[in-house]
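Working through the structure, step by step
Chain by chain, the residues:
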Amino acid sequence: MSIIVNVDVMLARRKMSSGELAEKVGIAPANLSILKTGKAKAIRFTTLSAICKALNCQPGDLLEYSSDDGD
């Protein structure tokens with residue numbers, strides 16, 4: 001089971017750069033990169049909320065569940 005992070009998809013749809021999003025959300029660009037690449041182990045709800053607000057989207061637009069066993 002894995003969670004797929006689609007921040008890069010939403011950034012492209014909103015025509016926004018990673019640096020701009022990091023600035024709006026108030027997180028380091030390196031931390032946003034960790035989230036975008038799927039290497040993050042967790043995300044705070046406050047950070048998720050700030051990203052949703054900046055990108056004008058819902059959490060489900062950013063996070064997707066995928067089972068690894070092909071179900």
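Residues numbered from 1 in each chain as written. Predicted model: local features only at pLDDT ≥ 70, side-chain atom pairs only at ≥ 80, totals over all residues. Heavy atoms only, no water.

**Considering the side chain of Thr 47**
- One can find Thr 47 in helix 4 (residues 45–55).
- In this structure Thr 47 touches Val 25 and Ile 27, once residues within four positions along its chain are discounted. (Helix = DSSP H or I, 4+ residues; strand = E, 2+ residues; numbered from the N terminus. Contact = heavy atoms within 4.5 Å.)

**Some points on the nonpolar core**
- Counting residues in hydrophobic clusters, the biggest one holds 16 residues, and the most contacted among them are Val 7, Leu 21, Ile 51, Leu 55 and Leu 62.
- Where this core is concerned, the elements lending two or more residues are helix 1 (7–14), helix 2 (18–25), helix 3 (29–36) and helix 4.
- Ranked by residue count, the leading element in this core is helix 4, at 4 residues.
- Excluding anything up to four places from it in sequence, Leu 55 contacts Met 10, Leu 11, Arg 14, Met 16, Leu 21 and Leu 62. (Core = buried A, V, L, I, M, F, W, Y, C linked by side-chain atoms within 4.5 Å. Buried < 20%, exposed > 50% of the residue type's maximum accessible area, 1.4 Å probe, protein only.)

**Notes on unusual backbone geometry**
- Positive phi is not limited to glycine here, since Lys 15 has a value of about 55°.
- Structurally, Lys 15 is set in the loop between helix 1 and helix 2.
- For Asn 56, which is not glycine, the phi torsion reads 55° and is therefore positive.
- As for its placement among the helices and strands, Asn 56 is situated in the loop between helix 4 and helix 5 (59–62).

**Focus: the confidence of the model for the protein**
- Mean pLDDT over the protein works out to 93, with 94% of the residues at or above the 70 mark.
- Mean pLDDT across the secondary structure elements of the protein bottoms out at strand 1 (residues 2–5), with 92, and peaks at helix 4, with 97. (pLDDT = per-residue confidence, 0-100.)

**Comments concerning a nonpolar patch on the surface**
- On the surface, Ile 3, Leu 63 and Tyr 65 cluster together to form a nonpolar patch covering roughly 300 Å² of accessible area.
- By the secondary structure assignment, Ile 3 is in strand 1. (Patch = residues over 30% accessible without salt bridge, like charges linked within 9 Å, V, L, I, M, F, W, Y side chains within 5 Å. Areas by Shrake-Rupley, 256 points an atom, 1.4 Å probe, with all protein chains shown as cover. Salt bridge = Lys/Arg side-chain N within 4 Å of Asp/Glu carboxyl O.)

**Some words on the side chain of Asn 6**
- Among the structural elements, Asn 6 can be located in the loop between strand 1 and helix 1.
- In this structure, Asn 6 is in contact with Asp 61, Leu 62 and Glu 64, ignoring residues within four places of it in sequence.

**What to know about the packing of helix 1 against helix 3**
- Axis separation between helix 1 and helix 3 bottoms out at 8 Å; the angle between their running directions is 110°. Between helix 1 and helix 3, the interaxial angle falls into the category roughly perpendicular. Here Val 7, Asp 8 and Leu 11 of helix 1 come into contact with helix 3, specifically with Leu 32, Leu 35 and Lys 36. (Axes fitted to C-alpha atoms, helices over the stretch in contact; angles between N-to-C directions. Parallel < 35°, antiparallel > 145°, perpendicular 65-115°, else oblique.)

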